[in-house]
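# Structural features, examined
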Amino acid sequence: MKIYDEGIFLSHLELEIAKSKRFGYPFSLLMIKAINPQSHTIALLNSILAANYRSTDLLAQLDNNIYVILLNGTNEENAHKYLSRLIRKAVSENEIPIIAAITGFDEEDTKNKIMERLLKKMN
């Protein structure tokens, strides 16, 4: 599993928006923030994300404790199901306190619009 940086993620996001507008398939963004960003917590969260990562998705680390996953071909409803599995692994089984937000692609979205909406949902 490769964890990309913010620049690579934003480039892929722009491409995904263009493909979705052209071909009409969905995608969603999932943002996860570890509340307690100690090194062992981040390492454990990395391993949980790696174990639940789909090869078609793109995982990026935006900050020491903030991750975003571009869920290709996944509408917002199915993204919530994916998040439920991650929460069960992170919080219930490993006691990692996290907050998360999801937003689905909208036909009018730009890279900035979708990221602003995702960040608003995190607050």
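Look above for the structure.
Read on for an overview of the structure. These numbers were taken from a predicted model, which means no experiment stands behind them.

### A short note on the sheet that holds strand β2 (residues 27-34)
Taken together, the 5 strands give an open sheet; going across it, the order is β1-β3-β4-β2-β5, and neighbouring strands pair in mixed fashion. The sheet is open, and its two edges are formed by β1 (3-4) and β5 (98-104), each paired on a single side. Relative to β5, β2 runs antiparallel, the two being bridged by 7 bridges. The residue bridging Ile 32 from the neighbouring strand is Ala 100, located in β5.

### What about the nonpolar core?
Leu 30, Ile 32, Leu 45, Leu 49, Ile 69 and Leu 86 are the most contacted members of the largest nonpolar core, which has 19 residues in total. Elements with a minimum of two residues in this core: β2, α2 (39-51), β4 (66-72), α3 (76-93) and β5. Apart from residues no more than four positions distant in its own chain, Leu 45 is found in contact with Ile 32, Ala 34, Tyr 67, Ala 90 and Ile 96. With 17 residues, the next largest nonpolar core counts Met 31, Leu 70, Ala 101 and Met 115 among its residues.

### A few points about the packing of α2 against α3
Two numbers describe how α2 lies on α3: the axes approach to 10 Å, and their chain directions differ by 150°. α3 is crossed by α2, and the crossing has right-handed handedness. Residues Leu 45, Ile 48 and Leu 49 of α2 pack against Leu 86, Lys 89 and Ala 90 of α3. Classifying every residue of the contact of α2 with α3 by side-chain character gives 5 nonpolar, no polar and 1 charged.

### Some points on the pattern of salt bridges
Counted by the stated rule, this structure contains 5 salt bridges. Glu 76 is paired through a salt bridge with Lys 121; the nearest N and O atoms lie 3.3 Å apart. Note that Glu 76 is positioned in helix α3 and Lys 121 in helix α4 (residues 111-122), a separation of 45 residues in sequence.

About the thresholds
Residues numbered from 1 in each chain as written. Predicted model: local features only at pLDDT ≥ 70, side-chain atom pairs only at ≥ 80, totals over all residues. Heavy atoms only, no water. Pairing = 2+ DSSP bridges. Helix = DSSP H or I, 4+ residues; strand = E, 2+ residues; numbered from the N terminus. Core = buried A, V, L, I, M, F, W, Y, C linked by side-chain atoms within 4.5 Å. Buried < 20%, exposed > 50% of the residue type's maximum accessible area, 1.4 Å probe, protein only. Contact = heavy atoms within 4.5 Å. Axes fitted to C-alpha atoms, helices over the stretch in contact; angles between N-to-C directions. Left-handed = near helix turned anticlockwise from the far one by under 90°. Nonpolar A, V, L, I, M, F, W, Y, C, P; charged D, E, K, R; others polar. Salt bridge = Lys/Arg side-chain N within 4 Å of Asp/Glu carboxyl O.

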